[in-house]
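Spelled out from the first residue to the last, the chains are:
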Amino acid sequence: MTEQEQKALEQKEREQVDHDFMQLALEQGQLAYDAGEVPVGAVVVQNGRVIGRGYNQPITSLDPSAHAEVVALRDAAKNIGNYRLTGATLYVTVEPCTMCTGLLVHSRIDRLVYGATEPKAGVVESAMCLLDSSFFNHKIETRSGVLAEQASMLMSKFFKMRREGKKKLKQLGAKGS
Ligand code: ZN
């Protein structure tokens, strides 16, 4: 095998690994969906092993910081007994917000992989490129678009359901008055 073929093979294997772990993040997103929360899920992986899991849950846990990334990184740090997650990769179904992007730097993870972009609040490539800021002294490798379609489908399904729910409530209210 030539060096080029070897590299291509490694790249392909890596893509498959990212795909598999993102599938687990999507399962976490489904748990958020089932709880009536905006469906975002995340997992943290270190040395090929899942060390943290989390899904978005600010409403049910009465915690404005309980985004999927925060929950998963806290879980990971507790599980390995270290607040620094060196060598770890965070998989999240949707592009992170400002709070979570800041936390990624604080946690010292190596790599961020996400699915769908978030045009309004995503700050890795959409609203801005926060990780490229010169004031951050820790660099994170990023990859986006992994199972993006599944992630955005879950989001649209959720918002559609919520809109229909509100419409129904309005109709009921109109009938009642
Ligand atoms: Zn966030």
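Residues numbered from 1 in each chain as written. Predicted model: local features only at pLDDT ≥ 70, side-chain atom pairs only at ≥ 80, totals over all residues.

Moving on: the overall build of the chain. Tallying secondary structure elements over the chain gives 4 helices and 5 strands in all. When the helices and strands of the chain are read in sequence order from the N terminus, they spell out α-β-β-α-β-α-β-β-α. A burial count over the chain gives 36% of its 177 residues as buried. Sequence-distant contacts in the chain: of pairs separated by 6 or more residues, those separated by 24 or more amount to 56%. (Helix = DSSP H or I, 4+ residues; strand = E, 2+ residues; numbered from the N terminus. Buried ≥ 20, exposed ≤ 12 C-beta atoms within 10 Å, placed from the backbone. Contact = placed C-beta atoms within 7 Å.)

The 5 strands are arranged E2-E1-E3-E4-E5 in an open sheet whose pairing can be described as mixed. The outermost strands of the open sheet, each flanked by one partner alone, are strand E2 (49–55) and strand E5 (141–143). On average, each strand axis in the sheet is inclined to that of its neighbour by 15°, with strand direction left out of account. Note: strand E4 (residues 111–116) against E5, 3 bridges, orientation parallel. From the neighbouring strand, leucine 112 faces E5, where its bridge partner is threonine 142. Sitting on the sheet, helix H1 (residues 3–34) is in contact with strand E1 (41–46), E2, strand E3 (89–94), E4 and E5, with an inclination near 140° to E1. Contacting E1, E2 and E3, helix H2 (residues 68–80) runs over the sheet at an angle of about 140° to E2. (Pairing = 2+ DSSP bridges. Axes fitted to C-alpha atoms, helices over the stretch in contact; angles between N-to-C directions.)

The subject of this paragraph is unusual backbone geometry. Where the residue is not glycine, phi is negative for most of them; where a peptide bond is considered, it is trans in most cases. At asparagine 47, a residue that is not glycine, the phi angle is positive and equals roughly 50°. One can find asparagine 47 in the loop between E1 and E2. The class for asparagine 47 is exposed, based on 7 C-beta atoms found within 10 Å. One non-glycine residue with positive phi stands out, namely arginine 108, at about 65°.

Glancing now at the pairing of E1. E1 sits mainly inside the fold: 5 of its 6 residues count as buried. As paired strands, E1 and E2 are joined by 6 bridges and run antiparallel to one another. Residue pairing across strands places glutamine 46 opposite arginine 49, the latter belonging to E2. Once E1 ends, the chain turns through 2 residues before running back antiparallel as E2, passing asparagine 47 with a positive phi of about 50°. Looking at chain direction, E1 and E3 are connected through 4 bridges and run antiparallel. Among the inter-strand pairings, valine 43 is bridged to a residue of E3, identified as tyrosine 91.

As a further point, take the pairing of E3. Counting buried positions along E3 gives 6 out of 6 residues, so the element sits mostly inside the fold. Note: E3 against E4, 5 bridges, orientation parallel. Residue pairing in the sheet places tyrosine 91 in a bridge with valine 113 of E4. Crossover E3 to E4 through helix H3 (residues 98–107) is right-handed. (Right-handed = clockwise from strand over helix to strand, strands pointing away.)

Looking at the element boundaries, alanine 8 is found in helix H1. In this structure the C-alpha to C-alpha distance between alanine 8 and serine 126, which are 118 residues apart in sequence, comes to 29 Å.

Moving on, we come to the nonpolar core. One finds Val44, Ala72, Leu90, Tyr91 and Val92 to be the most contacted residues of the largest nonpolar core, which totals 42 residues. Elements with a contribution of two residues or more to this core: H1, E1, E2, H2, E3, H3, E4 and helix H4 (148–176). In contact with tyrosine 91, other than residues within four places in its own chain, are Phe21, Met22, Ala25, Ala42, Val43, Val45 and Val113. (Core = buried A, V, L, I, M, F, W, Y, C linked by C-beta atoms within 7 Å.)

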